[in-house]
Amino acid sequence: MCDLMIIGGGPAGYVAAERAGHKGLSVILFEKNTMGGVCLNEGCIPTKTLLYSAKTYENALHADKYGVFTEKVHFDFEKIVARKNKIVRKLVAGVNSKMQQNNVTVVKGEAMIEKRTAEGIEIQCNNEKYVGKNLLICSGSQALIPPIEGLADVGETILTNREILNLKQQPESLVVIGGGVIGMEFASFYNSIGTEVTVVEMMPEILGNNDFEISAMLREIYSKKGIKFHLGAKVIRIDGNKVFFENENKLECIEGEKILMSVGRRPATEGFGLENIGVELFRGSIKVDEKMRTNIENIFAAGDVTGFSLLAHTASREGEVVVNNLTGHEDFMRYNAIPSVVYTNPEVAAAGETEESVKAKGIEYKVFKLPITFSGRFVAENEGGNGLCKVITDKNDVIIGVHILGNPASEIIFGACMAIEQNLALSQWQKVVFPHPTVCEIIKETIFL
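Worth saying up front: this structure is predicted, and the values here are computed from it rather than measured.

### What to know about the overall build of the chain
- Across its full length, the chain carries 13 helices and 24 strands.
- Against the globule reference of 22 Å for 449 residues, the chain gives a C-alpha radius of gyration of 23 Å, in line with a compact fold.
- Overall, the chain is about 70 × 60 × 45 Å in size when its C-alpha atoms are taken along their principal axes.
- Burial analysis of the chain (449 residues in total) assigns 51% to the buried set.
- Of the accessible surface of the chain, which amounts to about 21700 Å², a share of 49% is contributed by carbon and sulfur atoms.
- The distance from the centre of the 47 positive side-chain charges to the centre of the 56 negative ones in the chain is 3 Å.

### Notes on the side chain of E320
- Considering the arrangement of structural elements, one finds E320 in helix α8 (residues 312-326).
- A distance of 2.9 Å separates polar atoms of two side chains, one belonging to E320 and the other to R19.

### Considerations on the nonpolar core
- Core analysis: the biggest nonpolar cluster contains 33 residues, and I164, F189, Y190 and V199 have the highest contact counts within it.
- Of all the secondary structure elements, the ones that give two or more residues to this core are α3 (44-61), α4 (77-101), β9 (173-177), α6 (181-192), β10 (196-201) and α7 (212-224).
- Residue contributions to this core peak at 5 residues, all from α6.
- Listed in part, the 29 residues of the second largest apolar core include Y14, L29, V88 and I338.

### A short note on the sheet that holds β10
- Judged by pairing direction, the sheet is parallel, and its 5 strands sit side by side in the order β8-β15-β9-β10-β11 without closing on themselves. This sheet does not close on itself; its edge strands, each paired only once, are β8 (158-159) and β11 (228-231).
- Summarising the sheet, β9 and β10 pair through 5 bridges and their orientation is parallel. Note on β10: the bridge partner recorded for I177 is V200.

### Re the packing of aromatic side chains
- One pass over the full model with this rule turns up 5 aromatic pairs.
- Geometrically, the ring pair formed by Y57 and F75 is edge-to-face, given 5.0 Å between the ring centres and 75 degrees between the ring planes. Of this pair, Y57 sits in helix α3 while F75 sits in the loop between α3 and α4, and the two are 18 residues apart along the sequence.
- For the pair F77 and Y190, a centre-to-centre distance of 6.4 Å together with 35 degrees between the ring planes defines the contact as tilted. Here the residue F77 occupies a position in helix α4, and Y190 occupies one in helix α6, the gap between them amounting to 113 residues. This pair shows no difference in class: F77 is buried, exactly as Y190 is.

### Brief notes about the state of the cysteines
- Under the definition given, this model contains 1 disulfide.
- Paired by a disulfide, C39 and C44 hold their sulfur atoms 2.4 Å apart. Because the sign of the S-S torsion sets the handedness, a value of about -130 degrees for the bond joining C39 and C44 places this disulfide among the left-handed ones.
- Since its relative accessible area comes to 28%, C44 is described here as partly exposed.
- Unpaired in terms of disulfides, C125 finds its nearest cysteine sulfur in C2, a separation of 13 Å.
- According to the relative accessible area criterion, C125 is buried, its value standing at 1%.
- Unpaired in this structure, C417 has its nearest cysteine sulfur neighbour in C389, at a distance of 13 Å.
- A relative accessible area of 12% means that C417 is categorised as buried.

### Quick notes on helix α1 (residues 11-22)
- For α1, which comprises 12 residues, the first-to-last C-alpha distance of 16 Å matches the rise-based estimate of 16 Å (1.5 Å per residue) to within 8%.
- For α1, a buried count of 10 out of 12 residues is recorded, marking the element as mostly surrounded by other parts of the structure.
- Buried residues of α1: P11, A12, G13, Y14, V15, A16, A17, E18, A20 and G21, and no others.

### Some thoughts on the environment of L144
- Locating L144 in the fold gives a position in the loop between β7 (141-143) and β8.
- For L144, a relative accessible area of 32% corresponds to the partly exposed category.
- Sequence spacing of L144 and G264 is 120 residues, and the spatial spacing of their C-alpha atoms is 5.5 Å.

### Section: the packing of α1 against α4
- With their axes 9 Å apart at the nearest point, α1 and α4 run at an angle of 30 degrees to one another. Here α1 is positioned roughly parallel relative to α4, judged by the angle of their axes. The two elements α1 and α4 cross, and the hand of that crossing is left-handed. Taking contact as the criterion, the partners of Y14, A17 and E18 in α1 are, on α4, V95, K98 and M99.
- When the residues that make up the contact of α1 with α4 are grouped by side-chain class, the tally is 4 nonpolar, no polar and 2 charged.

### A closer look at the pairing of strand β21 (residues 348-352)
- Most of β21 sits out of view: 4 of its 5 residues are buried.
- The pairing of strand β20 (residues 339-342) with β21 spans 4 bridges and is antiparallel. Within the sheet, the bridge partner assigned to S340 lies in β21 and is A350.
- Here β20 folds back onto β21, and the loop between the two strands holds 5 residues.
- In this sheet, strand β24 (residues 399-405) lies alongside β21 in antiparallel orientation, the contact comprising 5 bridges. Paired with V348 across the two strands is L405, which belongs to β24.

Definitions and cut-offs
- Residue numbers run consecutively from 1 along every chain, following the written order of its sequence.
- Side-chain atom pairs in this predicted model are given and counted only at pLDDT of 80 or more, local residue features only at pLDDT of at least 70, and totals for whole chains, interfaces and linings cover all residues.
- Excluded from the side-chain calculation are hydrogens and water; included are all heavy atoms of the structure.
- A run of DSSP states H or I qualifies as a helix once it reaches four residues; a run of E qualifies as a strand once it reaches two. Both are numbered from the N-terminal end.
- A radius of gyration in this sense is built from C-alpha atoms; the matching globule rule multiplies 2.2 Å by the number of residues raised to 0.38.
- Think of it in three bands: with a 1.4 Å probe and only protein chains considered, a residue is buried below 20% of the maximum accessible area for its type, exposed above 50%, and partly exposed in between.
- All accessible-area figures derive from a Shrake-Rupley calculation using a 1.4 Å probe, and residue coverage is judged against the displayed protein chains alone.
- By the counting scheme adopted, Arg and Lys are positive, Glu and Asp are negative, and His together with the chain ends is not counted.
- Lys charges are placed at NZ, Arg charges at CZ, Asp charges at CG and Glu charges at CD.
- Each polar contact in these results corresponds to two N or O atoms within 3.5 Å; when the atoms are within protein, one needs to be able to donate a hydrogen and the other to accept it, and residues that are neighboring in sequence are counted only if both atoms are side-chain atoms.
- Only buried residues count toward a nonpolar core, which is a set of Ala, Val, Leu, Ile, Met, Phe, Trp, Tyr and Cys residues joined through side-chain atoms within 4.5 Å.
- Strand pairing is defined by DSSP finding a minimum of two bridges between the two strands.
- For Phe, Tyr and Trp, rings pair up if their centres lie within 6.5 Å, where Trp contributes its six-membered ring, and each pair is then called stacked (planes under 30 degrees apart), edge-to-face (over 60) or tilted (otherwise).
- Criterion for a disulfide: a pair of cysteine sulfur atoms at a distance within 2.5 Å.
- Multiplying 1.5 Å by the helix residue count minus one yields the expected span of that helix.
- All axes are obtained by fitting lines to C-alpha atoms, using only the stretch in contact for helices, and the reported angles, taken between N-to-C directions, cover 0 to 180 degrees.
- To sort the angles, those under 35 degrees are grouped as roughly parallel, those over 145 as roughly antiparallel, those from 65 to 115 as roughly perpendicular, and the leftovers as oblique.
- Note: crossing handedness is left-handed where the near helix turns anticlockwise from the far helix by less than a right angle, and right-handed where it turns clockwise.
- Note on definitions: a residue-residue contact is assigned when non-hydrogen atoms from the two residues lie within 4.5 Å.
- Three residue categories are used. Nonpolar comprises Ala, Val, Leu, Ile, Met, Phe, Trp, Tyr, Cys and Pro, charged comprises Asp, Glu, Lys and Arg, and polar comprises the others, including Gly.

If you want it as C-alpha cells, here you go:
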C-alpha cells in the first residue's frame, strides 16, 4: 500500500507527486497518455512556443522602426512546428526526470477506480491492482464540442486545440469559433504569419471574464492587424468549410480553409470509475472544499476536473494544498489572486476583480488607470505600441484587482498577485521601490494618480 495515488500527470498531478515524494510519501501516479497533461502537450507550452516564433517574425518584419534593416524576411512553417515539438519533448523528459528524482512510481495506462475499503482505495491498471491510503484525482479537462448542426466530426477541416497544433501546412484562412483565451492566442499566431483570420464570438466582447475595457482595446489592435471579428454571433450550423451564424437577427456565412472550435473545455469525469466510490459532482465537475477534499474521506481532486479555475498554475497550487495537508501543514486554496494571461502580441495579464465583477457583487470600488506609454522602458522597446494599466481598489483603497495590456504583462502580474494576496493598500504599495527603467513601473505610476 502506498501513501498517495494520483490519477493524471498534468500540472496538478505531477506537481503534487513531486512535492509528496520530496516530503517522503510513497507515491504512485497513473497517466494514460504523456506526462505533463494538456498544458505541456496540447496547450500552454506548444502554443507559447508557436507564439514566440510569430513574435520573432513580426519583430524582424518591423525591425526598421528600430533602425535595423533586414532583407527577405521569411519563415518556415515546418521548422516552427518542429521546434514546438522539440520543446515539448524536452520538457516532458524534464517532468519524467522529476518523478524519478522524487521516487514517484509512474504507471502508464488507464486507471480504473474499483472500490474503497477499510484497507484503502483500490485501482486497477494494466490488469494490476494498486492500493493507496489516499487518492488525488487530476483527470483534467477536454475540449467542449457544442451541439451545432453539421459538427459531427473533428478532423480534416474542423479542429480543436489538439488537432490545430499538428497541422503540417499553414492554412490560407482560419475561422475561429470562440474568442476566449485559446481562440485569441491561435488567432494571434496565424494572423502574425499571414493567415486570413476571422473570429466568431457569441458574447458581446472577446476574452470572456477579462476586463471589458482591456478586451475591447486588444480587439481594436487586432482589427487593425487584419483579424475580422463577429461579436454577438451565434453559430447555427457548419457545412464543410462554411460557418453559418446569426448576428442581429441576420443569417451570415463565412468560409475558412480550417475551422477551430474553441468554445471552452469541460472537466473529464468519466471513464475511470468515479461512480464506483460515490464522489459527488457539481455541474459536471468534482465538488471539493477549500482543502480540495471531496465528499469521500481520503479522496481529493485538483486541477481542471474541479471546474473552478481551468489554469495550469491554479492546478499546481491545488495539488500543493493537498500534499501540505497530508503532511501535517494545514493549507487552504484561495482564488482571489489567481493570475490570468493571454499571450497575444501585445499580452494581456490580470489578477483579482474586474470592474464588471465588482459591480455584479455590489462592491464599492475605485479605479486608477494610466496608458502603458507612461513607462519609458515600454516606449523604448515598443515603437508605436499602446496599452493600459488599470488598478482596482475597494472603498478603503485595498488593492483587489490589476489589469495590464502591453508587453511584457505576463512577467509583471505576479507583483499584483502578491499585493492582492497580502491585502495591500495603495499607501503600502506606493512605498515599494520599483526598478528603473522597467515596464513594471507603470503600476506605481498608476497608483500615484
